[in-house]
Every structure is written in C-alpha cells, then in structure tokens.
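# Summary of structural features
Each chain is listed here by its residues.
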Amino acid sequence: MELDFDQEQQQIKDAARRFLERQCTPALVRRMREEGSPFPDDIWKQMAELGWLGLPFDERHGGSQCDWVSLAAVVEELGRACDPTPSSKASSPAAGFSRTRPARHSCSAGCHR
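Residues numbered from 1 in each chain as written. Predicted model: local features only at pLDDT ≥ 70, side-chain atom pairs only at ≥ 80, totals over all residues. Heavy atoms only, no water.

### Observations concerning the overall build of the protein
- When you go through the protein residue by residue, the secondary structure sums to 7 helices and 0 strands.
- Mapped in sequence order, the helices and strands of the protein form the string α-α-α-α-α-α-α.
- Of all 113 residues assigned to the protein, the portion counted as buried reaches 39%.
- Considering only contacts within the protein whose residues lie at least 6 apart along the sequence, 76% involve residues at least 24 apart.
- As displayed, the protein offers around 6900 Å² of accessible surface, 53% of which is attributable to carbon and sulfur atoms. (Helix = DSSP H or I, 4+ residues; strand = E, 2+ residues; numbered from the N terminus. Buried < 20%, exposed > 50% of the residue type's maximum accessible area, 1.4 Å probe, protein only. Contact = heavy atoms within 4.5 Å. Areas by Shrake-Rupley, 256 points an atom, 1.4 Å probe, with all protein chains shown as cover.)

Right, here's the structure in full:
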C-alpha cells in the first residue's frame, strides 16, 4: 500500500502551501479574528482562479474531478494556514453529492486554471 503522495499530488500540496504562505499570513488571520472581519474576497477570487473551488466536483458540473488525496492535500494546507475563507466549508462537504463514481484521472489541469 502506497501512503506517500505521488508527484502530482505533492506538486498540488506544495503550490497550495506557497500560495497560502503568501496570501493567508498569520498576521492577516489574527487581525481578522480580532476584528471580526469578513473573509477576504481577493483571496477567495484567487482560489477560484486556481481551480480550488472546483477540485472535488465532477467535470460535467464545471469541476476538476480531482482525486480525494489531492483534495485532502489542499484542505490540509488550508487548515495549516488557518484559512480565513469559506473554502473548506463550501467545497469539501458537498463533494460527495457531485460524484456518481470515483475520479480515475489527473486533476492538474483543473488545479491551475
């Protein structure tokens, strides 16, 4: 049983970490918590442009039909960064409703839209 990320999954994870380290700094997250600020629209829009919001969804619904491990890698990085956007609340729970079969192909095209 292979428990490590494959090359593509590791690239997705690394790209997510780099983006979040730049955009979701601890100072930003702390300020938002202290001020009760809404999530930053600009970060949400950038995540959408990267294709993250469509990762778990079937291609016929405009998603990337990413595999679950790649999705988990991105969600892990969102948690690591204390992501202030509703991304994990919005896409992960609903993912199961959009699929009738498991993904069997790469999601790299969808991850970099």
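### Here we look at helix H2 (residues 26-35)
- Of all the residues in H2, the buried ones are Leu28, Val29 and Met32. For H2, the buried positions fall inside an angular range of 95 degrees around the axis, keeping them on one side. When the buried face of H2 is taken as reference, the exposed residues oriented beyond 90 degrees from it are Pro26 and Glu34.
- Packing partners of the buried residues in H2 comprise helix H1 (7-23) and helix H3 (41-49).
- In the stretch just after H2, Gly36 is the one whose phi turns positive, near 65 degrees. (Arc of directions from axis to C-beta.)

### A short note on the nonpolar core
- Counting residues in each nonpolar core, the largest one holds 16 residues, and the members touching the most others are Leu20, Met47, Trp52 and Val74.
- Among the elements of the structure, H1, H2, H3 and helix H4 (68-80) are those that each provide at least two residues to this core.
- Element by element, the count of residues in this core is highest for H1, at 4 residues.
- Setting aside residues no more than four positions away along its own chain, Leu20 makes contact with Thr25, Met47, Trp52, Glu77, Leu78 and Ala81. (Core = buried A, V, L, I, M, F, W, Y, C linked by side-chain atoms within 4.5 Å.)

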